[in-house]
Structure formats: structure tokens, C-alpha cells
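Residue-level structure breakdown
Spelled out, the chains give:
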Number of protein chains: 2
Amino acid sequence: MAKQRGKLIVISGPSGAGKSTVVSKALEGRSDVCFSVSVTTRKPRPNEVDGKAYFFVDLDRFREMVENDELLEHAEYVANSYGTPRAYVEKKLDEGMNVLLDIEVQGARQVHEKMPDAVMIFIIPPSMEILEQRLRGRGTDSERKIEARLIRAKQEYAEADFYDYIIINDDADKAAAEFSAIITAENCKYELRKNILSEV
Amino acid sequence: MAKQRGKLIVISGPSGAGKSTVVSKALEGRSDVCFSVSVTTRKPRPNEVDGKAYFFVDLDRFREMVENDELLEHAEYVANSYGTPRAYVEKKLDEGMNVLLDIEVQGARQVHEKMPDAVMIFIIPPSMEILEQRLRGRGTDSERKIEARLIRAKQEYAEADFYDYIIINDDADKAAAEFSAIITAENCKYELRKNILSEV
């Protein structure tokens, strides 16, 4: 039996939803999931190796990648640009890995359009009140920043109609179990395995 | 937050796929899944209670249920008829339970047509050779019966194009984990939870 192709898993959620905790809990002991590696025009820091945390490119090469549709999504900021290289993702999927992409709703929508079989997961807190409490509890953001984050969260909710799954993070262990279950279930999809039905 | 509606989970697979072992392993410790209760025209045995293993009805009432579209699927045999009562399933789903239906491919297709959001799962052995070994290993079937079962399995494979998921049972624990993951994942579907996004 040939190695089954992996799935691209896109995860988004407002700042304060607890996304990174949920993801790291879910990936404990799973060797079938890896993170995608982004390209960036940012300069590498002294100990950063190309292809580990990022692929480092200059702005000309970055724009060429955009031009040639080599990126599944990208965002250009004033200082630096970031994107997800299609070739790297495809290579990992072909190796049978599930590739995880942690990006904002706008980038996620680009990926959804370019790879319709990507699995789109949206993680949210149980309520806006709890999100506000969590943001305040961190003690890292100014009042103004917290308000901006809450407005941003509501905008994202309104734009999130293209996601396949919603995880409500009221308990990190439960949310992690749901996240992990989604990856497992998506690997059982008929389309991925139907060839075995005709090989008999 | 109102109780989330459950999902109807339909499971099929050839005799010898190990379906019942996989299902019972998967349901260990899950209180959010129950089996559907079929109606039958078969006479109750002395210790059988109506509504437990079966709802017992006479043939007139059974045919009325078919006529009134009260059954999600049904099959009439020479001796007895069996069917899945829609009202019972709907009641359980509304209570937030996931309802499990273990039926053959033909019945599953009827359910799929009547309830398009039912989750369709097909369990198969790793290969026809292994299926044959398992059937022989049981020691319960005649050679003729084994051959008939293998032909039946191949027919079912060819008709199984409407399933959502395929579980390959080469290891019962892994297959059970996949089955359980599918139920969990399906309860995270956007359509079931999207109301929370607009409640903020």
C-alpha cells in the first residue's frame, strides 16, 4: 500500500483563544504532523538557519514567488513580507505528512481558494467576555490594544464562514483532543482512501 | 449555550471486517453515542422489552410506517421486516446524542438520501485475502458461504461511493481510535457550531 498523502491543516483564531497551547497539546506524540515553513524577507538572526523556522529570501525573489503563484498565501507589511511556499507544503504532503499552517483569517481564505481540500479550523474562546478576561489576565497589552484585539476578533468571526470546523476552547485538553481528532478523521476521508476499494 | 444537536453515524462493512469489535472498542467510555433502535415485525422473545433492542410492530403498522415515510431505511425479508424509525433517531439527536446505525450498504444509501447530513463510515479489512483468512479462521461458515460473502463484499465496495470515510481495519485499536475521532470531529463541524460566531 503506497503511503497515503497528508492533509494541509489550517488553523486560525483570535489572539487570546489559546491556539498555541491547544496545538502543542494536540501534537504531543503525533509524528504525522509538521508545521509549514514560511518564506520571509526579514533578515535572518545570527543563529537562524535557512529552511528551519523560515526560508529567507530578498524582496525581488519574494515578489517573483507571488507573481509565479508559488505562494499559497502571503502578506506584505511595511517592514517585511511573509508567505507560505506551495512547493514545500506539497513535498511534505506527498511524504504523507499532515502540514499545519497557523495563520490569520485573511491568509486562510487565500489558502482555502488555492487548495480547496485544505482543512480549515477556527479556534475560539467560549465567549467574548472570556476572551477579554484572558487578554487582560496576560497583563501584556494596553487597554487600547485589548480593545483593538476584541474588535479584530469580532471582524474575524464575521469573515470565518469558509471554515470547516469550529473548536470552542473552554478546556484546553478537550480542545486539543478535538483538534487531534479532526486531523485523524480527515485522514480517513473517502477521497484519500477510495483507491483501496478498487484494488481488490 | 444550548445543547448541541448530535450526529447520525452510519457504519457499514463486509462481514469479517471486524466492525463490531471496532465499534465496541470505540464506544468504551463515550457517553455521547447510543445505538439506534430498529422496528421489526419479528415476534418479541419472552424476555425482550419493546423499545430496548427493538420496537415490535405488526406488518400493517410496519407498512404504514413505510407509506408515511416514518422510516429512514427499511428492508422486507420473507419472514420479517426491519427498519429505522426516523422519530426515535430525531429525538436522540435533539437530546445531543450521536446515534449509531450499523446497517448494510443498501440501507445506508437510503439513509444517506433521506438524511444528507448523516455521517457515512465504511469499514474494510486491509485486503480481500485477509478478509478470506478471517472468514475461514472463524470456522463458522461453509466454503460456499465464504465465497458468497467475498462476492458480496466486492459488490459492496463497488457501491460504496457515497461514504464519507473509510476505515481500514488492520489493527482494531487504531481502527477504533479512527472511528472515535470521526465522531468527535463531526461534532466540531462549522454548521453545528456557527451560531456561536454570531452570538458575540
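These lines cover the structure that appears in this document, whether it is placed above or below. Computed from a predicted structure; not experimentally measured.

Once that is clear, we can look at the pairing of strand E8 (residues 119–124) of chain B. All names here are of chain B. In terms of burial, E8 is largely enclosed, as 6 of its 6 residues are buried. Residues Val 119, Ile 121 and Ile 123 point to one face of E8 and Met 120, Phe 122 and Ile 124 to the other, with burial holding for every one of them. Across 4 bridges, the pairing between strand E1 (residues 8–12) and E8 is parallel. Residue Ser 12 lies in a different strand from E8, and its bridge partner there is Phe 122.

All names here are of chain A. As summarised here, the arrangement of the 4 strands in space is E4-E3-E6-E5, forming an open sheet in which the pairing is mixed. Two strands lie at the open edges of the sheet, namely strand E4 (54–56) and strand E5 (71–76), each paired on one side alone. Direction aside, the axes of adjacent strands within the sheet are offset by 25° on average. Bridging between strand E3 (residues 38–40) and strand E6 (residues 81–85) involves 2 bridges; their strand directions are antiparallel.

On to the sheet that holds strand E1 (residues 8–12) of chain A. Residue and element names in this part refer to chain A. Strand order in the open sheet formed by 5 strands is E2-E7-E1-E8-E9, with parallel pairing between adjacent strands. Sheet topology places strand E2 (33–35) and strand E9 (165–168) at the edges, where each strand pairs with a single neighbour. In this sheet, neighbouring strand axes are inclined to one another by 25° on average, regardless of whether the strands run parallel or antiparallel. Where strand E8 (residues 119–124) meets E9, 4 bridges bridge the pair, whose relative direction is parallel. Counterpart to Phe 122 in the pairing with E9 is Ile 166. Helix-sheet contacts for helix H7 (residues 172–186) involve E1, E2, strand E7 (98–102), E8 and E9, and the interaxial angle to E9 is about 160°.

Each of the two copies of the chain can be brought onto the other by a rotation about an axis and a shift along it. Overlaying chain B on chain A yields an RMSD of 0.0 Å, the required transformation being a rotation through 180° with an accompanying axial translation of 0.0 Å. What the rotation and shift describe, once combined, is the action of a two-fold rotation axis. For chain B, the smallest separation between a C-alpha atom and the rotation axis is recorded for Ala 181 of chain B, amounting to 2.2 Å.

All names here are of chain B. Of note, Arg 61 is situated in helix H2 (residues 59–67). For Arg 61 and Thr 41, which are 20 residues apart along the polypeptide, the C-alpha to C-alpha distance reads 8.9 Å. Within the local environment of Arg 61, its side chain forms a polar contact with the side chain of Glu 70, the two groups lying 2.8 Å apart.

Criteria and thresholds
- Residues numbered from 1 in each chain as written.
- Chains lettered and ligands numbered in written order.
- Predicted model: local features only at pLDDT ≥ 70, side-chain atom pairs only at ≥ 80, totals over all residues.
- Heavy atoms only, no water.
- Buried < 20%, exposed > 50% of the residue type's maximum accessible area, 1.4 Å probe, protein only.
- Helix = DSSP H or I, 4+ residues; strand = E, 2+ residues; numbered from the N terminus.
- Pairing = 2+ DSSP bridges.
- Axes fitted to C-alpha atoms, helices over the stretch in contact; angles between N-to-C directions.
- Contact = heavy atoms within 4.5 Å.
- Least-squares fit on C-alpha atoms with pLDDT ≥ 70 in both.
- Polar contact = N/O pair within 3.5 Å; in protein donor to acceptor, adjacent residues only side chain to side chain.

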